[in-house]
Amino acid sequence: MSIKTAREAIREALAAEMRRDPRVFIMGEDIAGGMGAPGEQDAWGGVFGVTKGLLGEFGRQRVVDTPISETGFLGLGIGAANAGLRPVVEIMFVDFFGVCFDQVLNNMSKFRYMYGGKAATPITVRTTYGAGYGAAAQHSQALYPIFAHIPGIKVALPSNAYDAKGLLTTAIRDEDPVLFFEHKSLYDLQGEVPDESYTLPFGEAAVLREGKDCCVVAFGHMVNIAAKAADQLAEQGIHITLIDPRTLVPLDTDTLLEAVENCGRLVVVDEASPVCSMASEIASLVATNCPQVLKAPVVKVNPPPVPVPFSPALEQAYLPQPEDVVKAVKKTLGR
Amino acid sequence: MSALPDGLDVHGTYRMMRLLREFEDQMHVAIARGTVPGFTHLYAGEEASAVGICMHLRDTDVLCSTHRAHGHFLAKGGDIKALALEIFGKQGGCCGGKGGSMHVADWSRGMWGANAIIGASVPHAVGAGFAFQYRGEDGVAVSFGGDGASNQGAGFESMNLAKILNLPVLFVLEDNGYAETTAASWACAGNPVARAAGFGIPGVEVDGTDVVDVWTKFGAGVAHARAGKGPMFFHVRVPIFHGHYEGDPETYRAPGEVKALRENADCLGKFRARVLAAGRAEAGALEAIDAECAGAAAAAIAKAADAPFPPLESLKTHVLSRSQEV
């Protein structure tokens, strides 16, 4: 056990699974970098340096740089998974699914069902998401609810280094297609991460704080925003239960509903655009299962329904901040 | 017309083409009775392509297909009864009744399925080719697409990847002249073989009414791919005897067009005349095959029409690897 960044934790999970299982390979744009170029090989290790160093150990056969051709190489990964390999394909930014979404929507998610249980597509697709880095409208979205909407794929959304390693290991070993969402802010987050491999079960939420006043469910990077809010609230004598679902599909509804029943109040913090968001889904879950336990209306904390702006001032205003969560919790308490 | 190659299994080739034709022509009648749900796209007229190609394939080779897949399914060794049951949406269908005509598959035979998003399955063949190369196997992956698919970006991305990674992928463009109602002559700029050549992929023009031409050229392609020489491209021109889908009024076709195709561009009629003229088969033997195939198709379709629907519990199975409660 040592302190590592999530970047290192994800790299460890990839390397360990590649050592453990010869069927595992990684593929994507510049995941090593420098392919065919006259200069340095492994030039980047992905745009965020997550896969840096894997080329040296595993070689070009298992660390496969691709042209900018998302439909082609995501489809290739799907076919390789159908053939029994364990691809880990990287789509550099979640926004880029715009050019290859058919492979998610009509292909990887459908094969097992529409071919009557005879096909399996054990692919893991890693992607980055999220605002806060001046990357503007086409490189900053938090599109994970779109994927949770589609039956036939699992969706993981780690909020910290420890979960990132364990959930990614589970994803790679899973028999189903898994979409693995990494927030840009995740990579430099540090935490205690065991050196050895471990898995974290999908569909088990983490209960990060326990308090009676309000239940706060937060997703991905918003878990860290909500944790800051929890500290501020605690100073004011308000104690929240903070839940990180960790996977959207499967979703740990039991833990969520139990926490809401215990607290009687619910705030959902979600970086996705508000319409048809995870916040909407959790609010719906409570409204259809246990509305009678609510002592106050559910409060959703999302960005406004606008594209992600560029200017730092606007982007700051766009993103939910700890203060927004504090306000939302107090609203449920009538304060 | 070239001589009949010695290595060609004349009776086997004729039998498979006849089976495909009988199945589709009898399905055409069954569909007209109104008992087949959904949309069906028949392969009649194009049999030489599937048969001439699949005779070179092993069960471990992979075939990725289109919405017009019944012929590919049978030629790759799929079971005719499971095919008919699936098309009727019945229990025991090759996909348990969850796929239908547009998704027929037999994964145990390397028939990875009909895929009804035009062009979507092309990169999956590239992935299958990648897996063969990754494991050091000499398998080949065959991607079927129509002239409609030939304008999809997925196909171009796939050709590029297959070439730069030197993968054993054989791209087959079955050009029946129409993408739904739209003529390929209008919709496709340039020339398909030249397009492949633009990627550095060797391509050949193939007469899809001549199963010998298909068999010969594709045999060379399979040898090329198995030897690690990378992808190839085949532009197979085929006639289509029925409409885009069953029920299509076909008003976009020229008067007399289908009649002329059936008379002059029928791969079965041409092959039959040729093998008889070459003395490679007896007329009686071919007639026996005709009867055998007609009986097999009729039995499969009749059984499917009478079969029960799948149990309703299956609605929620196979969403994920472990049955997901919905």
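Residues numbered from 1 in each chain as written. Chains lettered and ligands numbered in written order. Predicted model: local features only at pLDDT ≥ 70, side-chain atom pairs only at ≥ 80, totals over all residues.

*Asks:* Just to check I follow, could you spell out the overall build of chain A for this structure?
*Replies:* Counting secondary structure elements, chain A contains twelve helices and 14 strands. A globule of 335 residues ought to have a C-alpha radius of gyration of about 20 Å, and chain A, at 20 Å, matches this closely. Summarising its shape, the C-alpha atoms of chain A cover approximately 60 × 45 × 40 Å along the three principal directions. (Helix = DSSP H or I, 4+ residues; strand = E, 2+ residues; numbered from the N terminus. Rg over C-alpha atoms; globule rule 2.2 N^0.38 Å.)

*Asks:* Hey, could you run me through the interface of chain B and chain A in this one?
*Replies:* Accessible area lost during the coming together of the parts is what is often quoted as the interface size. The interface of chain B with chain A comprises 33 residues on the first partner and 32 residues on the second. The set of elements that each furnish at least two residues to the side of chain B that touches chain A consists of α5 (122–134) and α6 (153–164) of chain B. With nine residues, α5(B) is the single largest residue contributor to the side of chain B that touches chain A. A breakdown of the residues in the side of chain B that touches chain A according to their chemical character gives 19 nonpolar, twelve polar and two charged. (Contact = placed C-beta atoms within 7 Å. Nonpolar A, V, L, I, M, F, W, Y, C, P; charged D, E, K, R; others polar.)

*Asks:* Could you clarify how one ought to interpret the confidence of the model for chain B in this entry?
*Replies:* When pLDDT drops low, the exact placement of atoms in the prediction is not to be read closely. Mean pLDDT over chain B stands at 96; residues scoring 70 or higher make up 98%. Across the predicted assembly, pTM comes out at 0.96 and ipTM at 0.95. (pLDDT = per-residue confidence, 0-100.)

*Asks:* What's the story with helix α10 (residues 278–289) of chain A in this structure? I'm lost.
*Replies:* An α-helical turn contains 3.6 residues, so a residue and the one three or four places further along point in the same direction. Residues and elements named next belong to chain A. Compared with the 16 Å implied by 1.5 Å per residue over twelve residues, the 16 Å span of α10 between its first and last C-alpha is a close match. Of all the residues in α10, the buried ones are Met278, Ala279, Ile282 and Val286. Taken down its axis, α10 places every buried residue within 115 degrees of arc, on the same side. Relative to its buried face, α10 has exposed residues pointing more than 90 degrees away, namely Ser284 and Thr288. Contact partners of the buried residues in α10: α6 (144–148), β10 (214–218), β12 (247–249), α9 (253–263), β13 (266–269) and β14 (299–301). (Expected span 1.5 Å × (residues − 1). Buried ≥ 20, exposed ≤ 12 C-beta atoms within 10 Å, placed from the backbone. Arc of directions from axis to C-beta.)

*Asks:* Explain the sheet that holds strand β5 (residues 124–129) of chain A to me, please; I cannot follow it from the model alone.
*Replies:* Sheets are built from strands paired through backbone hydrogen bonds, the pairs being either parallel or antiparallel. Residue and element names in this part refer to chain A. One open sheet accounts for seven strands, arranged β3-β2-β4-β5-β7-β6-β12; its pairing is mixed. Two strands close off the open sheet at either side, each with one partner strand: β3 (63–65) and β12. Going across the sheet, the axis of each strand differs from the next one's by a mean of 20 degrees, ignoring polarity. Helix α3 (residues 70–82) contacts β2 (24–28) and β4 (86–93) of the sheet and is inclined by roughly 160 degrees relative to β4. (Pairing = 2+ DSSP bridges. Axes fitted to C-alpha atoms, helices over the stretch in contact; angles between N-to-C directions.)

*Asks:* Explain the pairing of β5(A) to me, please; I cannot follow it from the model alone.
*Replies:* Remember that side chains alternate between the two faces of the sheet whenever the strand is regular. Residues and elements named next belong to chain A. β5 sits mainly inside the fold: six of its six residues count as buried. Taking every second residue as pointing to the same face, both faces of β5 are buried, with Thr124, Arg126 and Thr128 on one and Val125, Thr127 and Tyr129 on the other. As paired elements, β4 and β5 share five bridges and run parallel to each other. Looking across to β5, one finds that isoleucine 91 is bridged to threonine 127. Judged from the six bridges that link them, β5 and strand β7 (residues 178–183) form a sheet pairing that is parallel. By the bridge assignment, valine 125 is partnered in β7 with leucine 179.

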